[in-house]
Amino acid sequence: MEKLAIILNNEKVKGMIAIITAVVMYYTPDHIDKIIEMCLAALGISKLTLTKK
């Protein structure tokens with residue numbers, strides 16, 4: 001379980017998840033998008049854009 005947490009905290013992995021999610025959300029209805037956003041928040045991904053800090 002710790003390995004999964006380490007992998008999910010990697011910025012590159014979070015970026016890939018955000019890109020895949022953005023594509024999926026483009027094709028899904030709005031009420032399903034809200035469910036996807038809640039799942040992303042549970043994973044610690046708060047935004048779907050990629051920017052350098």
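Our structure's up above, just so we're on the same page.
Calculation notes
- Residues numbered from 1 in each chain as written.
- Predicted model: local features only at pLDDT ≥ 70, side-chain atom pairs only at ≥ 80, totals over all residues.
- Heavy atoms only, no water.
- Helix = DSSP H or I, 4+ residues; strand = E, 2+ residues; numbered from the N terminus.
- Buried < 20%, exposed > 50% of the residue type's maximum accessible area, 1.4 Å probe, protein only.
- Polar contact = N/O pair within 3.5 Å; in protein donor to acceptor, adjacent residues only side chain to side chain.
- Expected span 1.5 Å × (residues − 1).
- Arc of directions from axis to C-beta.
- Phe/Tyr/Trp six-rings, centres within 6.5 Å; stacked < 30°, edge-to-face > 60°.
- Axes fitted to C-alpha atoms, helices over the stretch in contact; angles between N-to-C directions.
- Parallel < 35°, antiparallel > 145°, perpendicular 65-115°, else oblique.
- Contact = heavy atoms within 4.5 Å.

> So what exactly am I meant to see when it comes to the overall build of the protein here?
Along the backbone of the protein there are three helices and zero strands. Its helices and strands in sequence order give the protein the pattern α-α-α, from N to C terminus. Across the 53 residues that make up the protein, the buried fraction comes to 17%.

> It is not clear to me how the side chain of T21 should be interpreted in this structure. Could you clarify?
Looking at the secondary structure, you find T21 in helix α2 (residues 11-27). A polar contact of 2.6 Å, which involves the side chain of T21, links it to the backbone oxygen of I17.

> Teacher, can you tell me more about helix α3 (residues 30-43) here?
Given 3.6 residues per turn, any residue in an α-helix points the same way as the ones three and four places further on. Between its first and last C-alpha atoms α3 spans 20 Å; for 14 residues at 1.5 Å apiece the expected length is 20 Å, and the two agree. If you check which residues of α3 are buried, you get D33, I36 and L40. Projected down its long axis, α3 shows its buried positions confined to an angular sector of 60 degrees, all on one face. Along α3, the residues that are exposed and aim more than 90 degrees away from the buried face are H31, K34, M38, A41 and A42. Positive backbone phi, approximately 95 degrees, marks G44, located one or two places after α3.

> Would you explain the packing of aromatic side chains in this entry?
Any aromatic ring pair is given by two values, namely how distant the centres are and how the planes are angled relative to each other. Scanning the entire structure with this criterion turns up one aromatic pair. For the ring pair Y26 and Y27, a centre distance of 5.0 Å and an interplane angle of 90 degrees mean the geometry is edge-to-face. Y27 matches Y26 in its accessibility class, with the two residues each being exposed.

> Got a minute to help me understand the packing of α2 against α3 in this structure?
What describes two packed helices is the angle between their axes and the distance between those same axes. Two numbers describe how α2 lies on α3: the axes approach to 10 Å, and their chain directions differ by 170 degrees. It follows from the interaxial angle that α2 and α3 lie roughly antiparallel. When α2 is examined against α3, the residues I17, T21, V24 and M25 are found in contact with a partner set consisting of D33, I36, E37 and L40.

> How should I be thinking about the side chain of D33 in this particular structure?
Mapping D33 onto the fold places it in helix α3. Those residues in contact with D33 that lie beyond four places of it in its chain are M25 and T28.

Remember that the coordinates give geometry; whether it matters functionally is a separate question.
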